[in-house]
Each structure stands twice: as C-alpha cells, then as structure tokens.
Amino acid sequence: MELELDNDQHLFWETSRKFIESSCPLATVRQLYDDPDGFDRGWWRQVAELGWTSMLVPEEHGGGTVSGNGLLDLVLVAEEMGRWVSPGPFLPTNVVAATVARSGSAEQKKDLLGAVVAGELTAAWCFDEPGTRWGPAGVGLTARGDGGDFVLAGIKSPVEAAAQADRLLVTARTGEGLGQFLVPADAPGVRVTPLRSLDFCRRFATVSFEDVRVPESAVVGAPGGAAGDVEIQIQLAAALQCAETVGAVDRVFEFTTQYAFDRFSFGRPLASYQALKHRFADMKTWLEACHATATSAARGVQEGADDAGDLASVAKSYVGERSVDIIQDCVQMHGGIGVTWEHDIHLYLRRATVNRETYGTPADHRERLASLLGM
Ligand SMILES: Cc1cc2nc3c(=O)[nH]c(=O)nc-3n(C[C@H](O)[C@H](O)[C@H](O)COP(=O)(O)OP(=O)(O)OC[C@H]3O[C@@H](n4cnc5c(N)ncnc54)[C@H](O)[C@@H]3O)c2cc1C
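Let us look at the structure shown here.

### So, the overall build of the protein
The helix and strand tally for the protein stands at 11 helices and nine strands. For a compact globule of 375 residues, the expected C-alpha radius of gyration is about 21 Å, and the protein comes in at 21 Å, within 12% of that figure. When the backbone C-alpha atoms are referred to their principal axes, the protein occupies close to 80 × 45 × 40 Å. Burial statistics for the protein: of 375 residues in total, 56% are counted as buried. In the protein, once contacts between residues fewer than 6 apart in sequence are set aside, the share between residues at least 24 apart is 75%. If you sum the accessible surface of the protein, you get close to 15,500 Å²; carbon and sulfur atoms cover 51% of it. For the protein, the separation between the mean place of its 33 positive charges and that of its 51 negative charges on side chains is 6 Å.

### A few points about the pairing of strand 7 (residues 204-215)
The sheet contact formed by strand 3 (residues 149-160) and strand 7 spans nine bridges and is antiparallel. In the sheet register, Val-151 faces strand 7, and the bridge partner there is Arg-213. Pairing of strand 6 (residues 190-195) with strand 7, which is carried by six bridges, proceeds in the antiparallel orientation. Looking across to strand 7, one finds that Arg-191 is bridged to Ser-208.

### Here we look at the side chain of Asn-94
Note on placement: Asn-94 falls in helix 5 (residues 90-103). Taking relative accessible area as the criterion, Asn-94 reaches 1% and is therefore assigned buried. There is a polar contact of 3.0 Å between the side chain of Asn-94 and the backbone oxygen of Phe-90. Aside from chain neighbours lying at most four places away, what touches Asn-94 is Trp-52, Thr-53, Leu-56, Leu-74 and Leu-240.

### As for the pattern of salt bridges
Scanning the entire structure with this criterion turns up 21 salt bridges. Here Asp-229 and Arg-102 are joined by a salt bridge, their closest N and O atoms 2.2 Å apart. One end of the pair, Asp-229, is in helix 7 (residues 227-262); the other, Arg-102, is in helix 5, and 127 residues separate them in sequence.

Rules of the game
Residues numbered from 1 in each chain as written. Predicted model: local features only at pLDDT ≥ 70, side-chain atom pairs only at ≥ 80, totals over all residues. Heavy atoms only, no water. Helix = DSSP H or I, 4+ residues; strand = E, 2+ residues; numbered from the N terminus. Rg over C-alpha atoms; globule rule 2.2 N^0.38 Å. Buried < 20%, exposed > 50% of the residue type's maximum accessible area, 1.4 Å probe, protein only. Contact = heavy atoms within 4.5 Å. Areas by Shrake-Rupley, 256 points an atom, 1.4 Å probe, with all protein chains shown as cover. Lys, Arg positive; Asp, Glu negative; His and termini not counted. Charge placed at Lys NZ, Arg CZ, Asp CG, Glu CD. Pairing = 2+ DSSP bridges. Polar contact = N/O pair within 3.5 Å; in protein donor to acceptor, adjacent residues only side chain to side chain. Salt bridge = Lys/Arg side-chain N within 4 Å of Asp/Glu carboxyl O.

Listed below in structure tokens is the structure:
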C-alpha cells in the first residue's frame, strides 16, 4: 500500500509482516487445505493481540487505532495477508464489528465487540444471495415482524467464514426497507452448508434461514433503516479486499521478475528478451494502477468522502479484473513450472480469483458505478 506511514504505523506494519512470515508461511497455508476451518483459532487470538480485529472498534469497547485512521491501519495488514495468502475470517469479522460499533445497541456492543477484539469470537456478514442481482437491490431474504419478534426466511450465499462464525449479521428486506439482524450462528432454523472453495484456506458456505425467530433486540440500528450501514459495509469490504489482492499481486510480480533474471534460455536470462520485457512493462503499469485505485478507495472510505462509493467500486472492478490477468500472465512467464502443484503461484491465483468473484464481481461494481454516477 503506497500510503505515507508515520512511525507507529510503520512499526505496526513491520510487526504484522514479521508475525505472518514466521507464524504462517506458505508451507502452513498448504497444510490448511484439508482443515475444515481453514485457520487455527489459537493463531487467530494471536493476530487479535496484534490489533487486526481492533482497528474499526472504538477505544471504549477495547479497540483502538494506530494512527487515528483505523481503516488505513487495517489495509496495511490486509496487504500483508495478501502477500502471504493468509487464512482467517479477517474481512467479515472486521466488517461486522465496524457495523455493530457504528449502529449496534449497547447490549450488542457489549456482546460482540470485546470478544471480537480479543479474537475469541468471529462473525460472518450474510449479505450476498444466489441470483442475478448483486447488492442491496438483490436482497430477497425477508424479515417479517411477528408479535415483537422478527422471523427471517431466505438464503444467503456465498457467505465467507459462515461455518466458523459465532455470530451472523444478516441483511434482510423488511416492510420498511433494508434491515440488519445479529443472529447467533446456532439459532434454531439456521442451516450452514459448506461450499467448495478454490482458495486454499478461505471457507465459504450457503446459509439458509428457515423461519428463524429473533427478538427485536437482534435488530442492528433501526428496522428498515440499514441502507446507510450496508453502503459502508460494501465500501469497507472493497477497500480491505482490494488491499489484500494488491498485496498478493505485488508478491507474485516480485518473484516472477526475479525468476526472469534467474532463468536462462538459449544462454541468456529470460528478462533480456524484448518480447518478455514488453509483457513485464504492461504488467507493471496495471499493477501500479491497482495500487493507485486501492489506495484511493481506502483513503476515500476512511474519510467518508462523498465519492467513497465510486472509489470503492472503481478499485473493486479494476483490481478484481487486472489482478487475475497479471497473475495468469506471471504463470505463463514461469513456463512449465508455473502450472505445477509444487509452485506457489497457484495459491495466489486462487486467492485473487476468489476475491474477484466475492463482494461483487467487476461487472457488478461497474454497474453500481454507473448507477452511482446517475447513468
Ligand atoms: C508438469 C510438466 C509436464 C510437462 N509435460 C511435457 C510434455 O508432455 N511434453 C513436452 O514436450 N513438454 C512437457 N513439459 C515441458 C514444457 O513443455 C516446457 O515447460 C515448456 O516448453 C516451457 O519451457 P520452460 O518451462 O522451460 O519455460 P521457459 O523456457 O523457462 O520459459 C518461460 C517463459 O518465457 C518465455 N520465453 C522463453 N524463451 C523466450 C524467448 N527467447 N523469447 C520470448 N519468450 C521466451 C516462454 O514462452 C515462457 O512464457 C512439461 C513440463 C511440466 C512442468
């Protein structure tokens, strides 16, 4: 992330980077392939101690930022997680914590925030639904008022880290507009069906809500008044995910250029061939544009800028598409070894491909951009 860091941010970034490198190298990531959770809960408590779950939570609830700009601190972590294809429910837990911190009741804050900050509780953001329309307009899960309670009915899919989560934040359509509900993952009527993921250690699931009854105290914010929160969730998810993807592409580009200097073909390094230099130049240009759009999105969302939604969708559509193109080209640059199981590049390609498809595809975000611009 090309942000100017102050001393505290630099220390935070360096500590986070060293911790991932030593505690979760790619050999460990490969071992998580067969792990049903895809992450180690003891490790998650350690990352929480470093502050990875605290930055979007206010100090009175045990959180706190490094620089006073929690999202800008958090994207430093996200980028390092991308560089090491790290596991863990980082994005959904932070997005849910930010929402509860912003709009939750005192009781919800007490229930969730301290435990999230301590790494003892994780959360899933149940927003996407199967169907052709992504985004708020595509929310079809209903919340029907019934004698002071609400009854949730519908399906959310794909939901990141749903099978591992303790709490579910569910976006629903009420008679008055969008509403959000905080539901215990083991509530009667909640059925979680794990999906197969291309990513090595990121887990997704389909969550069915079969007439799940929740009390009024489960409503986050005003019933029917969640549109503002949902918009901020979309922006946060885009900013965090784009930073992570950029970190992944940066790392792949780094080891691919190194390979081109090390690998000799017809007595010369691959990097000396003009045809390959042109491809590297294209990739570098796209990579810098990925950095620029991701950084603008993070800054815009952090500042609550008027065009934060536009910036988030520009980054999400550009980074989503280009990241996969660049990594695919880097596979080609590696020749035969790029397509082997043993080489690490497929771990990155898997992560970037899944990121492209989740929290809105590039096409979804281009469509959203058009509507935000009034087209
Ligand atoms: C698992 C596996 C199975 C395989 N099975 C077969 C098989 O059944 N039959 C078979 O014939 N081969 C097989 N191969 C070998 C494969 O065809 C070669 O890997 C392939 O020819 C590429 O060579 P390389 O990997 O040495 O790539 P490199 O020579 O290292 O090339 C890397 C990149 O640089 C490019 N490049 C290289 N030199 C130049 C240049 N002068 N100008 C411009 N671009 C250049 C290449 O196009 C490529 O994009 C296999 C390889 C693997 C890993």
